[in-house]
Each structure stands twice: as structure tokens, then as C-alpha cells.
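Breakdown of the fold
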Amino acid sequence: VEEEVEQLFYHKIVVPRGGEYTVELNDGTRVRLNADSELRFPVKFASNERKVFLKGEAYFEVSKTGQPFIVQTKGMKIEVLGTTFNISAYANEEYQTTLVSGSVKVQTENGSNRILKPSEQACITPGSNQINVRNVDTAFYTSWIHGKINFKDQRLDDIMKTLARWYDMDVVYENEATKELRFGCYVNRYNEITPLVKLLEQTGRVTVTVEGKTIKIFTNH
């Protein structure tokens, strides 16, 4: 008896820098896509598994159907049954899976895998197949879905990469060492970047200028 092969037809959603988008998949799973991200997913899932492909960052609320739900990114594969989690898989940045509730299995391209418990985060450095797991406050990694900017003692370079995507801007540093300065903040995500620039300047550690789409950061000596 010949097996009938299911043919899947795919949708692709591309969210530009400065954008955000929420989609409900045909199984009831909700996916919220952050700026500069792309999701490819079948119009209708196959009968044996649910699989989507992600570039960038997304927050998933996976519906329980009994079939595995798989998110494939360039650096890792995440398998779930029903759970809430955040994936950050931007090119040339650390890949992160942060589990809010439920259970997920994170697998690297060479097959190494770890099962996460709630409040655990799996990190993979691009080019490495090693999974590092740490306990985190998930609020820091999911605040973007509530329109908040929430950083605690993070490198300025990492903070600015996020802001540059959200506001579709480029960042230039007068001095490479400035990237290593650490900052924290918890504020609303404003319509424009000016209030955040003022917050950075209020620390007295940096001077920031905004010219068109370019942010220049100078260290105060």
C-alpha cells in the first residue's frame, strides 16, 4: 500500500524593524512576533506534528492538542506539548529559549538536548553546540509583549541592539569600551526613542545624540 504524503502549504509573516505582530495558528496557538522577525508556518498542520520556522524573536502560547509542537531556528530546535515560552534567535546573537510555564526540550544542531523547567533559560552561543541553562526572572525576557522595556544590569550594547530593532535605528559608539557599560531600567516602550535617550543620559555616564536614524553614544570621562 502506497503511503500518502501530506503536502504542506506555508504562510510567511515578516515583521520589519520597528514592528510587532500577533498571529493565531490553525491549532489555536498564539504567536507574538517581535521586531525584525520572520515566522513560516503551514496553512494547516500535518497530522503527526506541528512545526514552524522562526528567525528573530517570538513569544509562544502553545495550545495542547496531543501532537508535538516544534519551533525550528537556525541554531536550535524547541519541542513542546503545551506551554508558554519566549525564543530569541537573532543572527549573530546568543540564542535563548526562556520557559514561562510547561515543559520544552531544546536541541542543538548536533543533537545535544536539555529539557527545561519553568523559569529556566537555555542559551546557545552561535557556532557552538553547547547548551547553557540558567535560572532567570522570566519577566525580563517577556516584558516586550506588555509594551515594557525591562533590563537589569545588562551591557549597553545588548540593550541598544534591542532598541535599534524596535525603533529601526543604527547605533554608533565613539569608543568600543562604551559597549561594556552596564545599565538597568524598567519603563514603558515609548512611541519614539527620545525618553529612553534621556534616561541613559541621566546616569551621567554617557552622552547620546540622535541624528535621523543614527544614535551616537559618547562616554563621559
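Conventions used here
- Residues numbered from 1 in each chain as written.
- Predicted model: local features only at pLDDT ≥ 70, side-chain atom pairs only at ≥ 80, totals over all residues.
- Heavy atoms only, no water.
- Pairing = 2+ DSSP bridges.
- Helix = DSSP H or I, 4+ residues; strand = E, 2+ residues; numbered from the N terminus.
- Axes fitted to C-alpha atoms, helices over the stretch in contact; angles between N-to-C directions.
- Contact = heavy atoms within 4.5 Å.
- Disulfide = S-S within 2.5 Å.
- Buried < 20%, exposed > 50% of the residue type's maximum accessible area, 1.4 Å probe, protein only.

On to the sheet that holds strand β18 (residues 214–219). With respect to topology, 3 strands assemble into an open sheet ordered β15-β18-β17, the strand pairing being mixed. Unpaired on one side and paired on the other, β15 (170–173) and β17 (206–211) mark the two borders of the sheet. Direction aside, neighbouring strands of the sheet carry axes that sit 20° apart on average. For β15 and β18, the ladder comprises 4 bridges, and the chain directions are parallel. When the bridges of β18 are listed, Val172 appears paired with Lys216. Its contacts with the sheet put helix α2 (residues 156–167) on β15 and β18, and the angle it makes with β15 is roughly 155°.

The next subject is the state of the cysteines. The full count for this structure, using the stated rule, is 0 disulfides. Not part of a disulfide, Cys123 finds its nearest cysteine sulfur in Cys185, a span of 20 Å.

Residue placement: Ser63 occurs in the loop between β5 (50–61) and β6 (69–72). Classification of Ser63 by relative accessible area gives buried; the value is 18%. Setting aside anything within four residues of it in sequence, one finds Ser63 in contact with Asp27, Gly28, Thr29, Arg50 and Leu81.

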